[in-house]
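# Results of the structural survey
Below are the chains, spelled out letter by letter.
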Amino acid sequence: MAKTILLVDDDRDFVEINRLALVKQGYQVLTAHDGKTGIDAAVQNNPDLIVLDVMMTSDTEGFHAAKAIREHPKLKNTPILMLTSIREAMDLPFKYEPDETWLPVTEFVEKPLPPAKLVEKVEALLNKK
């Protein structure tokens, strides 16, 4: 059975390009375009991995979505790959690192990330699981 990936990002072009790349590799891909819809889709579908943007309807929506996902018993161990361009967009001088309390994601990666690299990251995280 194909692994299920949930892509949560408000950039519809980004979602579609990466959805196609993941489907080509045999993954089932679900999509959402904001944090609330992403959380709901995760709870309903229990994906094998979640790719989550930070800046959607607010600059920090992805951070809040990640925390909500981790607090759900069914999703607490689901890998979350957070992709964002927040450092560049907000000209932040520091890097974000996963943290169980503040940033409960498996990996944090800066955008842009070519679809082939996203597929590599997804495969690596799924193989760790």
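This is a predicted model, so every value here is computed, not measured. (Residues numbered from 1 in each chain as written. Predicted model: local features only at pLDDT ≥ 70, side-chain atom pairs only at ≥ 80, totals over all residues. Heavy atoms only, no water.)

### A word on the environment of tyrosine 27
Looking at the secondary structure, you find tyrosine 27 in the loop between α1 (12-24) and β2 (28-32). Sequence separation between tyrosine 27 and methionine 1 is 26 residues; the distance between their C-alpha atoms is 9.2 Å. Sequence-distant contacts of tyrosine 27, that is, excluding residues within four places in its chain, are made with Lys3, Ile5, Leu22, Val122, Glu123 and Leu126. (Helix = DSSP H or I, 4+ residues; strand = E, 2+ residues; numbered from the N terminus. Contact = heavy atoms within 4.5 Å.)

### Some remarks on unusual backbone geometry
Trans peptide bonds make up the majority, and among non-glycine residues the majority have a negative phi. Following lysine 111, the chain continues into proline 112 via a peptide bond in cis, with omega recorded as 0°. Position of proline 112 among the secondary structure elements: in the loop between β5 (107-110) and α5 (115-128). The phi torsion at asparagine 46 lies on the positive side, around 45°, for a residue other than glycine. Note on placement: asparagine 46 falls in the loop between α2 (35-45) and β3 (49-53).

### Overview of the packing of aromatic side chains
The full count for this structure, using the stated rule, is 0 aromatic pairs. For lysine 111, the ring lying beneath its charged end belongs to phenylalanine 14, and the centroid distance is 4.3 Å. (Phe/Tyr/Trp six-rings, centres within 6.5 Å; stacked < 30°, edge-to-face > 60°. Lys NZ or Arg CZ within 6 Å of the ring centre and 35° of its normal.)

### Describing the sheet that holds β5
A sheet is described by the order of its strands in space; here 5 strands give the open sequence β2-β1-β3-β4-β5, paired in parallel fashion. Where the open sheet ends on each side, the last strands, each with one partner, are β2 and β5. For this sheet, the mean inter-axis angle between neighbouring strands, taken without regard to orientation, is 20°. For strand β1 (residues 4-8) and β2, the ladder comprises 5 bridges, and the chain directions are parallel. Opposite isoleucine 5, over in β2, you have valine 29 as the bridge partner. On the sheet, α5 packs against β1, β3, β4 (80-84) and β5 and is oriented at approximately 135° with respect to β3. (Pairing = 2+ DSSP bridges. Axes fitted to C-alpha atoms, helices over the stretch in contact; angles between N-to-C directions.)

### Regarding α1
The end-to-end C-alpha distance of α1, which contains 13 residues, comes to 18 Å, matching closely the 18 Å that a straight helix rising 1.5 Å per residue would cover. Of the residues making up α1, those classed as buried are Phe14, Val15, Asn18, Ala21 and Leu22. End-on view of α1: buried residues confined to an arc of 135°, all on one side of the axis. Turned more than 90 degrees away from the buried face of α1, the exposed residues are Arg12, Asp13 and Lys24. Elements that come into contact with the buried residues of α1 comprise β1, β2, β4 and α5. Backbone geometry just downstream of α1 places glycine 26 in the positive-phi region, at approximately 95°. (Expected span 1.5 Å × (residues − 1). Buried < 20%, exposed > 50% of the residue type's maximum accessible area, 1.4 Å probe, protein only. Arc of directions from axis to C-beta.)

### Re the packing of α2 against helix α3 (residues 61-71)
Following both chains from N to C, one finds α2 and α3 inclined at 20°, their axes separated by 9 Å at the closest point. On the basis of their axis angle, the class for α2 and α3 is roughly parallel. Relative to α3, α2 is oriented so that their crossing is right-handed. Residues Gly35, Lys36 and Ile39 of α2 pack against Glu61, Ala65, Ala68 and Ile69 of α3. Class assignment for the residues of the contact of α2 with α3 results in 4 nonpolar, 1 polar and 2 charged. (Parallel < 35°, antiparallel > 145°, perpendicular 65-115°, else oblique. Left-handed = near helix turned anticlockwise from the far one by under 90°. Nonpolar A, V, L, I, M, F, W, Y, C, P; charged D, E, K, R; others polar.)

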